[in-house]
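Chain residues, written in single-letter form:
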Amino acid sequence: MSAIKNKCKCYVYLWIFICAFAKDIATAKAEHFELTPQDGWFNNLIHPDWGAIDGHLLRKSKVAYSDGVYMPSGQGRPNPFEISLAGHHGPPGLGSLRNRSAFMVYFGQQVVEEILDSQRPGCPREFFNIPVKPDIKKPNFDPDGKGNIELPLFRSRYDQRTGYSPNNPRQQLNEITPFIDGTLMYGVGKAWTDAIRELSEEFPGRLKAQDPNTPISQSFPADNDIRLPLANPPPPREHELKPVARFWRLGNPRGNENPFLLAFGVLWFRYHNYVADTIHKQHPELNDEQVFNLARKKVIAVHQKIVMYDWLPAWLHIDKNGKPFVMPAYDKSSENNPFEGYDPNIHPGITQEFQTAALRFGHTLVTPGTWIRDKQCNFKVLPIKTPGSSGNAHAVRLCNAYWNPQEFLNSSPDAFDNMLLGLATTRAEREDHIVVPDLREHLFGPLEFSRRDLVAINIQRARDHGLPDYNSVREAYGLERKKSWEDINNYTVSTDDFPNTHDAVVYNYTNNLYMREPIERMKILYGNTSAPDNLDLFSGGILESTPDGPGELFKKIMLEQFLRIRHGDRFWFENRDNKLFDDETFDEVWNTTILDVVLAVTNIASSDINANPFLINGTSDPCFQPEQLKADSSKQLDDIPVLEQCTPLQHYDYLSGSELSFALSFAALGLCIPGTIGIMILMARMKQRKMLEARRRQAPRRKEEDPNTHLAVEWVGFKDGERNIKVKFDKERKKLHVTDRGRKPLRLIDLRFIDKTKGVHFRLSTDKGCTVLSVRVPSEIDLVLKFATQVNRSEFITSLERFLVEIGVNRNKHDMKEDMIMKDATTKDQRKKVLDQFIRVVCLQAYKTDSDVPQFDGDTANSVSKIQLTRSEFADALGLKPSSMFVRNMFLMVDKDKNGLVSFQEFMEMFTILASGGADEKAKMLFNMHDLRRKGFLSKEAFTKMIKSMLDLSDSSLDDSDVGTLVSTLYQQVGLTHGQNMTLAAFKKIFASEEYENTLEQATLQLKGAKSQWQNKKPIKETFSMRRKTFIETYGQDGAENDQPTLQRQKSKLKIETKQKAQPMTGWQKRLYSFNKYVENYKRQIFWVTLYILISIGIFVERAYYYSFEREHAGLRRLAGYGVTVTRGAASGMMWTYSCLLITMSRNTITFLRETFLHQFIPFDSFHAMHKFVAALALIFTVTHCVGHGFNLYHISTWPSTDLNCVFREYFRATDKLASFHYWAWTTITGLTGIFLTVIVIVMYVFAMPYARRHLFNAFWFTHSFYILLYIFMILHGSGRLVQPPLTQNFLIGPLVIYVIDKLISFSRKKVKISVEKAELLPSDVLGLTFKRPLNFEYKSGQWVRIACLELGEEEYHPFTLTSAPHEEHLSLHIRAVGPWTMNMRKTYDINSRDGKEFPKVFIDGPFGEGHQDWYRYKVSVLVGGGIGVTPFASILKDIVFRSKSSVKFPCERVYFLWVTRTQKQFEWLTDIIREVEENDQKRLVNVHIFITQFQQKFDLRTTMLYICERNFQKVCGKSLFTGLRATTHFGRPEFEVFFKSLHYEHPTVKQVGVFSCGPPPMTLNVDRACSAMNKYDNFPSYSHHFENF
């Protein structure tokens, strides 16, 4: 038993071994063969590129480009439409005379799709349009007779390495392999193949089906839900784009063109799966890949055999007896075949003659549709699906089935079988010159031209490819030239040519010559030449056609082409050397026919279809078509049309639907500018309103303490609006005082002299809340008040009535509507017009010689003479406050009749004295102003009171001791003792002495509303203004030790002005001097700005040139015009400039570099100005870019979407999506980021305006932080690769690295908390901060820092100049509260609100350098500070003191500090610093001048008095009466130009003066203008101006 068991085991093991060995053999058999390369490469091992995809179309004939290189041929030939009509138009419905079927014709189309694809236009698009002739009605593409219609046609894609010279002419490309290698079934590459495969071991080797479980005979390819890039033109029937997903997945990208071509795609799809299933059954051990490759190999072989030996012979020739052409044998040469077997020296490439003409022979055979029948020969009736139509038709119409292929095949389970049966039954069109309207008139086209003429396109295509004429091609193929037109075709028709008698009478051929009529028409069209030497190839070859098939030329071209394909293909199924097939499989392939394929994959039986579906086999066929299909006829069967009508030609405007989006998008972006500006202004006003509200809430309300004071809102007028006021009842003085909430006097209503019987009139509003009250007093402007509530108004009326009763004035009440009150009110504006006339008439009387005074008629002059001025109006005319003591005394003096009003005559008398009176008269008038009781003298107390009243004019105040010293000095000057009174004579000695006589004589009162020339006396040689202008030459600083002036009056200096070098006489010399000086002062800035501009221009020009010429082949410039060159140049300019802005923002880097030797070559102090300049340049590039894109987007939006694909190759878009403006702008990353960038730029630049920085600093700072988004979106904008690879990073990377490092340095400092050790609330809303100096914090005087208060926000930084000196242990800042943040800072550091808490700590970032720190580099430096702009000079002045004490040597020899301030009290802390400088400046380095600008004019009457007092006090005390400093005090604003001119005489050897100004923009602008003016003088020093604005 054991032996038997062991024997059994041996048999089992042997059986397992045999099975495994058999499997290995089968596997080896399946794997050991070379796959046919799908891209054609290395099919030929000697010439690897022969037959590869994108190979050149070969030329057998000579190149005939008109220029020998690339310009189309046939320049002098007729219009293709004329050729189409004359040579290819004829009666429809002529059936094939050799029984060719529609099955053969559409099978031929799929053969073409297998070996040739050169339909794609080139990139860039090159138009080769065909002009439409209005007189041609077939096809009728210009029904309106416009005469400017063209059929759009693009030139074919070509090898862009060609087309440069006659030795290298343009060569077009075949985008697929020329081999019959399964491209039709499997696609052009492995990726495509894998996309259409099942890739399943359950169904190994199969192509993907909709349902793999469905029987093959009923299966269809899977839907294209993965959106393979199948061809997807718009179906002309619907004239709209449809999604590519509606198609089926096929290997042939154009396999869905029409239902007949799709039927063959489905046929081969099913046949592959049929073969795969067969292989899998035979070899179940094989995997999916092995089965697929075996099936693919066999299907390709079957296809090769059917094409070469079944279809091609019948296509080339069928004689009258029905015998097809005999194909030469593969393995031996013959008369028709010079080749033998596979030959690697045979090029299989497609020829130009085959592609452009010969293969198009089949166009004459194409039917206008096909009959549809079932197995029982029932011809189907089909529904018409044309939009707007209904009913049925007997046949499928080709023209309406374009790109709607599945529509019929999906209609029923038997639809596919019925389609194949119908194709086999439908007779092809006749083998002649006629092309059916479905191709010649109704071929599909793009949206903009939905119907086209295929014949005209064929002719134009051959010209595009540079093909020669018909006879030249014949000669190239070894055929004789046709010597006459009649020789083209001499075929004579006989009755034997017709398959039945019915067809014999359809067309009556002239003299029985088959092609005589079209040849005659063509001869006439081509100019009646003797020979067809200029005839187009396509038409010539078609005219050779006979009933047997193509003429000798096309036949030879096609035969030669297919033989080269056969013998040049190493993987041809007959090449036994490739060992692809064994004998059994080879025989199986050889014996397979198209009928076998059909029967294998359908439910059709052999008895249901023709034995040879390519041919109508006569009586042996099971069915016959009811009749030959006739295009565009009204033929009906059983009252049903045979064929439906083709939809007409339709056009399309690609901008349609985008007009509104285009307009609104650009309008919205444009409106963003005024909109943002409006928002900015609104925000500023809201902020101002909030600040006013805050101040109003902070204002003291003393209503309870003073019942005579009421708060209200005064309506000033329609123009001036409203203002918050206080009204106070002064019972003792019988006056109404109107002030602002800060108690500043606004109006004064005097009721002492009012006619008490007439009294005061009240006008009370009776609507709108009853809150308005108007108080009308004779000769006064109406006081129109608004109250918060009616109750408040009632309280005011009660108080007012009580006040009037107490002073004995009647009152009258009137009820009116609010609008009427305001309309009837006498407003300030109305009164001002009257007073203007008053002043002008006064001036007219005072200056009768003035020719500029307007003339008044008698009535006007009479009415003006009756005007009387109130005290408020009198004060306003003088530009003073009505509460001023000076005004009070003058008013009382002028009001001689004591009626409380100044009449015209009274005012005239006073003004005449001031206008033309001498010094004595003016002194007397001033004396009488204070001697109101006419005693003839002033007591010392009255005289002191007069001095104080003049100080009151400028909001100035002095210590009583200083006033006393001044009075004593003046008394001593005129010889009066302490107890004596000041007489008129003594008064004149002081103010009208010889020294000041001229000063007082020129003094007047500046009247508001009067012209300047009316206010001065006759010209004099030396005015006091001239004296003021030479203050440097007149007064100097006093000695520190002996209190004596070190620089006395130098009268000789005043004469030096005559030695000034005269400016050049001619204008151009002046400009030349000015230019030379400007260049001398700003040579570094000019160099770098010029260099930067040149680089920017170079960057712009480089890109513009590139896209204009070097990138011409890409087509974008041709599409959008030269606008694209501008936008591309501007885009690079934007990348460059915006990137450079990061450098100008790297403060730490700039501060570091300015301390190196580089500062001698690079003006680092101008980086702020450079930042603005670069930003302005960036804005110019941005605007150019945006405007250019407006034009570009218009061009792009009006361009066919499919044509944009070659321009924007990196941009994927579904084929059913129109590339409309809305698409580009709002759905692409480039468009969206472009819009965002535009908005960001608008917001940033608008809020960077001076107005925004001044009123909305926080908004400016916040919007400026958008630069982060700007750079992010710039990178994203380019990442779309719409036009070019992104370039932003190339410009950005360097500056970005520097900026990031710079920010990291700032960040490391900013996060160090610094304690505030001292906080002071100083006058003029200034906050003084002193805080600990961080370790390693080194800085120079004049530098600035950025600080953030932890309590107000750690990230909110604001810049301020350091007021401490570098040698000090602490840092100090002086911050003026002018905005929300600075106001909050002042509140935060108010010790009274801290409740004992520590001051909040701060973050500090800096220091940062600026021009002011270079003051010591110049021998003479001028420091000009105005307002809070004096802060950098505080640090500099302290530094000067320190350097003076420590004997530090530095280049600077003299410093002039000009402090321009409203009053000496405004920045008292600076006064202390100046005093310290005066005490410690041992070398007299600093010369200080203080300008008090409060006064209206320096040399009006009241200022003259102060001027005299100041000079006397300074002589005696050696210091200023107002400041207590030795520094000279001046009244009014400095004349910088004269000051700078004086510096030249004070320092004649100095070649360059450094001018440093800081303050309000008007002041720095005046300084800059003065420097520019001085730089026009020759031999003067250069004035180098550095400024900052606050």
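On a predicted model such as this, the values are computed, not experimentally measured, just so you know. (Residues numbered from 1 in each chain as written. Predicted model: local features only at pLDDT ≥ 70, side-chain atom pairs only at ≥ 80, totals over all residues. Heavy atoms only, no water.)

A. Layout of the overall build of the protein. In terms of regular secondary structure, the protein is built from 54 helices and 36 strands. Here the protein holds 1590 residues, and the buried ones make up 56% of them. When contacts within the protein are restricted to residue pairs at least 6 apart in sequence, those whose partners lie at least 24 apart make up 74%. For the protein, the accessible area works out to roughly 68,700 Å², and carbon and sulfur atoms hold 55% of it. (Helix = DSSP H or I, 4+ residues; strand = E, 2+ residues; numbered from the N terminus. Buried < 20%, exposed > 50% of the residue type's maximum accessible area, 1.4 Å probe, protein only. Contact = heavy atoms within 4.5 Å. Areas by Shrake-Rupley, 256 points an atom, 1.4 Å probe, with all protein chains shown as cover.)

B. Summary view of the state of the cysteines. Inspection of the entire model under this criterion finds 2 disulfides. Once the bonded cysteines of the protein are numbered in order along the sequence, the disulfide links fall as 1-3, 2-4. (Disulfide = S-S within 2.5 Å.)

C. Molecular detail of the confidence of the model for the protein. In this model, the protein carries an average pLDDT of 81, and 83% of its residues clear a pLDDT of 70 or more. Ignoring residues within four places in sequence, the model shows residues 501-505, a span with pLDDT below 50, making 3 contacts including any to other chains. Here residues 698-704 is a poorly scored stretch, pLDDT under 50, and it has 11 contacts once near neighbours within four places are set aside; other chains count. (pLDDT = per-residue confidence, 0-100.)

D. Focus on the environment of Gly-769. Positionally, Gly-769 belongs in the loop between β17 (760-765) and β18 (772-776). Take Gly-769: its relative accessible area is 49%, and that puts it in the partly exposed class. Taking the C-alpha atoms as reference points, Gly-769 and Phe-787, separated by 18 residues in sequence, lie 9.7 Å from one another.

E. Main features of the sheet that holds strand β29 (residues 1370-1376). Taken in spatial order, the 3 strands line up as β25-β26-β29 in an open sheet, and their pairing is antiparallel. Edge positions in the open sheet fall to β25 (1316-1322) and β29, since each of these has one partner strand only. Strand-to-strand twist across the sheet, computed as the mean angle between neighbouring axes with direction ignored, equals 15 degrees. This element, helix α49 (residues 1380-1388), spans β25, β26 (1326-1332) and β29 of the sheet and lies at about 65 degrees to β26. (Pairing = 2+ DSSP bridges. Axes fitted to C-alpha atoms, helices over the stretch in contact; angles between N-to-C directions.)

F. Quick peek at the side chain of Glu-113. Tracing the chain through its elements places Glu-113 in helix α3 (residues 102-115). It turns out Glu-113 is buried and unbridged, and the closest side chain with the opposite charge, Arg-254, is 4.3 Å from it. Discounting chain neighbours no more than four positions away, the residues touching Glu-113 are Gln-119, Ile-176, Leu-184, Asn-252, Arg-254 and Leu-261. (Lys, Arg positive; Asp, Glu negative; His and termini not counted. Salt bridge = Lys/Arg side-chain N within 4 Å of Asp/Glu carboxyl O.)

G. Inspection of the environment of Ile-1143 at higher detail. Take Ile-1143: it is sitting in helix α39 (residues 1123-1144). A residue is classified by how much of its surface remains accessible, and Ile-1143, at 27% relative accessible area, is partly exposed. Along the backbone, Ile-1143 and His-1171 are 28 residues apart, and their C-alpha atoms lie at a distance of 8.7 Å. Every residue in contact with Ile-1143, bar those within four places of it in the chain, is listed here: Ile-1150, Phe-1167, Pro-1295 and Ile-1298.

H. Broad picture of the sheet that holds strand β36 (residues 1582-1589). Pairing within the open sheet is parallel, and its 6 strands lie in the order β34-β33-β32-β31-β35-β36. Each edge of the sheet is formed by a strand with only one pairing partner; in this case those strands are β34 (1528-1531) and β36. Taken over all neighbouring pairs, the strand axes of this sheet differ in orientation by 15 degrees on average, direction set aside. Note that strand β35 (residues 1552-1559) and β36 share 8 bridges and pair parallel. From the neighbouring strand, Val-1553 faces β36, where its bridge partner is Tyr-1583. Strands in contact with helix α53 (residues 1536-1546) are β31 (1420-1426), β32 (1454-1461), β35 and β36; relative to β32, the strand with the most contacts, it is inclined by about 165 degrees.

I. Geometry of the pairing of strand β33 (residues 1486-1492). Counting buried positions over the 7 residues of β33 gives 7, a clear majority of the element. Of the pairings in the sheet, the one linking β32 to β33 comprises 7 bridges and is parallel in character. Within β33, the residue paired with Phe-1457 across the bridge is Val-1488. Examined bridge by bridge, β33 and β34 share 4 bridges and lie parallel to one another.

J. Representation of the environment of Asp-487 within the structure. As for its placement among the helices and strands, Asp-487 is situated in the loop between α13 (470-476) and α14 (501-504). Separated by 57 residues in the primary sequence, Asp-487 and Glu-544 have C-alpha atoms spaced 9.3 Å apart.

K. Layout of the packing of aromatic side chains. Evaluation of the coordinates by the stated rule reveals 59 aromatic pairs. Ring pairing ties together the aromatic residues Phe-103, Phe-107, Phe-264, Trp-311, Trp-315, Phe-354, Phe-361, Phe-562 and Phe-614, which thus form one cluster. In this structure, Lys-297 packs its charged tip against the face of Phe-33, placed 4.1 Å from the ring centre. A cation over an aromatic ring shows up here: Arg-1103 above the ring of Tyr-1106, its NZ or CZ 4.5 Å from the ring centre. (Phe/Tyr/Trp six-rings, centres within 6.5 Å; stacked < 30°, edge-to-face > 60°. Lys NZ or Arg CZ within 6 Å of the ring centre and 35° of its normal.)

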